[in-house]
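Below, each chain spelled out in residue letters.
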Amino acid sequence: MTITSAMRRRVQFYPPFLRRWKAGKQSYDNPLSKQIRMFNTRPFSQEFFTVAGLSYSNATTYGDMVERYVNTRYCNTNETENLHLWLMKSGYEGDRFLTNNLINAYAKINKIEDARNVFDELSDKNTVSWTCLISGYAQLGRPHEACSFFQSMVTAGIRPTEFTFGSTLQACQILGSDGLELGTQIHALVWKTGYVFDSVVCNSLMSMYGSCRLDSIDDVLNLFQRTAHKIHLIPWNVVISIASRRGHLKKAFEIFSSMQRTDCSASSSSPKPNESTFASLITATYSSPTPTPHIALLQMIIGRITKSGFNTDLYVGSAMVTALARFGLLSDAKEVFVEMPVKNTVSMNGLMVGLVKQKHGEDALDVFREMTGTSSLPPTNSDGYLILLSACAEFDSLEEGQLKGREIHGVVLRTGMKVGNGLVSLYSKCGAIDEALRVFDQTENKDTVTWNSLISGFDQNGRFEDALGSFLRMLQNGFIPSNFALISALSACASLQWLRLGRQLHSVGVKSGLNCSGDVSVCNAQLAIYGNCGCIADCWNLFDSMPGHDMVSWNSMIGALTSMDEASSAVNIFTEMILNGLIPNRVTIINILTAISSISDFRLTTQIHTLAYKCGHLGQPTAASVENALLLCYSKSDETMVSCEQLFAEMPDGKRDDVSWNSMVSGYIQNELFPQAMDFIWLMKNIYQKKLDGYTLSTILTVCASLATLDRGMELHGVGLRSISQGLDVVVETSLVDMYSKCGRVDYASKVFDKIPSKNRYSWNSMISGFARHGCAAKALETFESMESVGCYPDHITYVGVLSACSHAGYVEQGSDHFELMTKKYGLVPRIEHYSCMVDLFGRAGRLDGVEDILEKMTGASITPNSLVWRTVLVACCRVNKNVAVVVGGSSLELGRKAGEKLVEMDSENPANYVLLSHMFAAGGRWEEVGETRAIMRRMKSGKKEPGSSWVSLKEDGLHVFVAGDRSHPEADVIYTKLREVDRRIREEEGYVPLTECALYDVESESKEEILSWHSEKIALAFVLTRRSSGELPIRIMKNLRVCVDCHLAFACISRVFKRRIVLRDSNRFHHFKDGSCSCGDYW
């Protein structure tokens, strides 16, 4: 029997029909279906069934079965299973044509396992059999199985068709970057099999590369350039869509322009933009990563859409609503939405998404209420509820957002919607992380997004260890970490400064393909770990190995260098970033300003100021972060604070936030402009009615501590208790401890300290230092023991306080023991300040041999004594010079001379060094050396040391400052009259005789007595005694230098004669005088 080509074409009619039926492109009542029904009404010839490989005896029922198969498009599960049963009863279960279609039917009703069973039972599998199953897995979102079956198909020697390639490439597309390797291999196979010019395969390849290759769209563009099907619209739409989604705005519109030129020059069959084209172009306007919004471009596209008549299209209208809302044009977005003739949940969701992106969560919820209140919209799907949950997370009040989220939670529980991932994300962003964990535990089918939401939530809520634990559990459950999960885990490691685990996570990223070649954001998170842990070399290695850098990469590197005090390197890499053509964002400007603030470079600060202005980062209506960073930077580079005051004055009143005010106060304090700081605080509180927060209060208390203005400090204590409703935090309470101790009320400091509920290391350090400053060594050591007993480990600052307490009290042995234990017990390596304390400890006790031992230990520890240590040695030699010189033949002078030489070598322009050396020679009566030393000082440009000054703060008179021999005060005559009266009474009643050896000048004794009587602390004391309102309150005097022995003796006599308590704070400690004695026991 001869089989004609016409007979073969008639039999081969079914496969293309089934393919079109599978794709859902034909309706049941199309001409093709009518032809099938025609086959049922007329007999088939024997030749037809011979070609089809069927038995002629079954011809009367085969057409009915084909017709029944066509109806399976509308079948449910029961009908499909009945069809399967009928096939088995009729003896057609081995028929390859019908079995392939049954596989399709099972896949369409989500019974892919049944489809797999039918496939396995089919003995004579062909390309269609494999393609049907691969397509089913891909359509059901099971890409791993689809790819696995494709590999098995190729291994079995079955040649794929264009539809096989299309379905497999769709599966690779679902896998994202994980499917790139297989997708590239399929591309090579496409070349070998000759399908490279097939339009379906080319479009699928472009879509695959667009979803799988995250670092470039070059492969997509190359495929598009080689495609021979540009007369069709689909490839144009595919490449425009990919460019739009990937943020390549310029490329998307270049391709669109090329398509239009083709349209203008070619025949009527040339491609013309449709609704898909315009929707992709709209998406491109808000997907571009450039900081400048493309509103004008969006408006141009909308004009073209209106001209083309697509403005009433549901798809295009939904895209316009989304874009307008994302650009913040909320009224225009709502207008377009209302004017849409047909609306659906997609268009409503687009408007809501735009509102959520603009942080208008409440408005998004209002849109949902308004639109769902009408009958024009179908019921909200799961996507709508997910958007609602994300809107609740953007409420101004997170508590209100959490409450609304709970209401939505109740609704989805009743409707059975699966939105567990959205609920976990909502509760995490609202701070209810325990509730998020509860939802996570109740979620049955957890996916990667579920784990990502939980890990990110733990990280955002400061539960860093839980975030890392969840990440490890995710790995243990067989999930491959995504970039989001890895970034959150790396962020938690950076916060905990767990370098070792961070390195392990780095390795996980490399093994998972999420390293620098895959996702730059992962590398940025790794940079944060190494930067936070101080591993600047690792930062450089990682940064240099990255194939590309985004703005976050540059910012992370600048921030890491800034945190490591490498300001010059930070400036260099900032310059490199500018030379690479990147425009710095607000984070960049803030980071570089923080870096240069440490080097106090006024000129560089002004340059960054100008750059910030050019980039549009100044004058923003809301945020003042850049201005605040500039205030901080100027305050450290402009000693007069003029630039800060100008910038602060130019800021609108509504723009100045708490950071702005606090930066100004900190600037005044850092530049030691304490009166201006107090005036500014008064202006802030009384004129601008600014409430004091914890940071402001701590900063102001620092001013009070520096000026020792007890009354102001106590007022601020009361203001803080009244203005901070939630109570003072540990930072403010620690500042109060420091303020009271520096203002001479260590008893008040102790009371505040005892009431701190949760003491931290800073609290303990402040109290120990306070006791040490007042000479209460026993209490300082007792506090230190209490600190150890509660499990709070001391740090280097703690031991500075402990050693200072021992030094002021003469506890030489105890101080030496603590110095040894800080290394043996706590592993703290002594620093330069600890050695300085030990030099002071031995020097006060007259143990110059101990001083020399400490200097030798420093040499053994490879620590070079700085000017502070040598100055302490020189002071010790001045203190014990006379006695030691008699006993050991002038060894103190030799040590002192050595210390003086070192000081001159290190800091030759500091006159204080020469003054100390002169005092040492004068104490030993070596007036010739004194003359030589002072002659050197006179030849110096800065030959005047800081003058001795004392100040008092009276509630009714404010702050008064005096220097030695000062007659500039308006009441100088009254003060000196009182001073002579004080001198006369203590001579007559206490037998006071001035210690003229304290006047280190080669003059007559009478002149020395006069010089001693004019010391600044005595003038300040006389001024207070002229005030009747001082009453019986203690007299508090502050001095910038160490009090001399004569003044110390005079103050003790005055306290008994005038029956007044006197508190004197010099540069080293406090002296409490009462009834003729001092709290220091004449040891200071």
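None of the values given here were measured: they were computed from a predicted structure.

Points about the sheet that holds strand β4 (residues 1062-1065)
In spatial order, the strands read β2-β1-β3-β4-β5-β6; together these 6 strands make up an open sheet with mixed pairing. On the outer flanks of this sheet lie β2 (958-963) and β6 (1077-1078), each paired with one strand and no other. Looking at chain direction, β4 and strand β5 (residues 1070-1074) are connected through 4 bridges and run antiparallel. Bridge pairing in β5 links R1065 to F1070.

Let's talk about the pattern of salt bridges
For the structure on display, the rule yields 24 salt bridges. The partner of R844 in a salt bridge is D840, and the shortest N-O contact between them spans 2.7 Å. Here R844 pairs with D840, and both are found in helix α49 (residues 832-844), just 4 residues apart, close to one helical turn. Residue classification places R844 among the buried positions, given a relative accessible area of 7%. For D840, a relative accessible area of 18% puts it in the buried group. A cluster of three or more residues bridged by salt bridges with shared partners is formed by E113, R142 and E145.

As for the side chain of T798
Relative to the elements of secondary structure, T798 occurs in helix α47 (residues 796-809). Under the relative-accessibility criterion, T798 is labelled buried at 1%. When near neighbours in sequence (up to four residues on either side) are disregarded, T798 contacts R761, N765, I768, F784 and M787.

Description of the UniProt feature "repeat: PPR" (unreviewed entry) in the protein chain
Under the UniProt annotation, the feature "repeat: PPR" (unreviewed entry) is placed at residues 126-160, 232-266, 344-378, 447-481, 550-584, 760-794 and 831-865. Annotated as 74% helix and 0% strand, the span residues 550-584 places its first and last C-alpha atoms 11 Å apart. The span residues 760-794 is 74% helical and 0% strand by assignment, and the distance between its end C-alpha atoms comes to 10 Å.

Some remarks on a nonpolar patch on the surface
Together, W682, L683, I687 and Y688 make up a nonpolar patch on the protein surface, roughly 400 Å² of accessible area in all. On the secondary structure map, Y688 appears in the loop between α40 (674-687) and α41 (694-707).

A few points about unusual backbone geometry
A positive phi is found at N110, a non-glycine position, where the angle reads about 65°. Its location among the elements puts N110 in the loop between α7 (96-108) and α8 (112-121). Not every positive phi belongs to a glycine, and S862 is a case in point at roughly 60°. When you line up the elements, S862 lands in the loop between α50 (848-860) and α51 (867-888). Relative accessible area serves as the criterion here: at 68%, S862 is assigned to the exposed category.

Focus on empty space enclosed by the protein
One pass over the structure, following the stated rule, counts 4 cavities of 30 Å³ or more. What lines the largest cavity is simply L979, V982, D983, I986, Y992, S1013, K1018, L1021, A1022, A1050 and I1054. At 4 residues, helix α55 (residues 972-990) tops the list of elements feeding residues into the lining of the largest cavity. Here the lining of the largest cavity is built from residues that sort into 8 nonpolar, 1 polar and 2 charged.

Some words on the packing of aromatic side chains
This model, assessed by the stated rule, comprises 25 aromatic pairs. Ring plane angle 90° and centroid distance 5.5 Å describe the contact between Y740 and Y748, whose orientation is recorded as edge-to-face. By relative accessible area, Y740 is classed as buried at 4%. By relative accessible area, which is 25% here, Y748 ends up partly exposed. For the pair F784 and Y799, a centre-to-centre distance of 5.4 Å together with 65° between the ring planes defines the contact as edge-to-face. You can see F784 sitting in helix α46 (residues 777-789) and its partner Y799 sitting in helix α47, a full 15 residues away along the chain. A single burial state applies to F784 and to Y799, both of which are buried. Pairwise contacts between aromatic rings join F119, W130, Y137 and F149 into one cluster. Its end group placed over the ring of F648, R656 keeps NZ or CZ at 4.6 Å from the ring centre. The ring of F1058 carries the charged tip of R985 above its face, separated from the ring centre by 4.5 Å.

About the criteria used
- Counting from 1, residues in each chain are numbered in the order their sequence is written.
- Totals for whole chains, interfaces and linings use all residues, but because this is a predicted model, local features are given only for residues with pLDDT of at least 70 and pairs of side-chain atoms are given and counted only at 80 or more.
- As a convention, hydrogens and water are excluded, and side-chain values are obtained from all of the structure's heavy atoms.
- A strand pair is defined by DSSP finding two or more bridges across the two strands.
- For helices the rule is a DSSP run of H or I covering at least 4 residues; for strands it is a run of E covering at least 2, with both sets numbered from the N terminus onward.
- For salt bridges, the criterion is a side-chain nitrogen of Lys or Arg within 4 Å of an Asp or Glu carboxyl oxygen.
- Buried residues are those whose accessible area, probed at 1.4 Å on protein chains only, stays under 20% of the maximum for their type, while exposed residues exceed 50% and partly exposed ones sit between those limits.
- Throughout, a contact is declared for two residues whenever any of their heavy atoms are within 4.5 Å.
- UniProt positions are given in the numbering used here, feature names are shortened, and annotations may be inferred rather than shown by experiment.
- Patch definition: residues above 30% relative accessible area lacking any salt bridge, with like charges linked at up to 9 Å and the nonpolar side chains Val, Leu, Ile, Met, Phe, Trp and Tyr linked at up to 5 Å.
- Note on areas: Shrake-Rupley, 1.4 Å probe, and residue coverage restricted to the protein chains presented here.
- Within this scheme a cavity is a closed region of a 1 Å grid, computed over the protein atoms alone, that accommodates a 1.4 Å probe without allowing it to escape, whereas a pocket is open but has protein on both sides within 12 Å along at least five of seven lines; lining residues each have an atom within 4 Å of a point.
- Grid points are joined across faces, edges and corners, and a volume is the space filled by probe spheres set on the points.
- Residues are sorted three ways: Asp, Glu, Lys and Arg are charged, Ala, Val, Leu, Ile, Met, Phe, Trp, Tyr, Cys and Pro are nonpolar, and all the rest, Gly among them, are polar.
- Only centres within 6.5 Å qualify two rings of Phe, Tyr or Trp (six-membered ring in Trp) as a pair; their planes then separate them into stacked at under 30 degrees, edge-to-face at over 60, and tilted for everything else.
- Our definition puts a charge over a ring when NZ of Lys or CZ of Arg is within 6 Å of the ring centre and also within 35 degrees of the ring normal.

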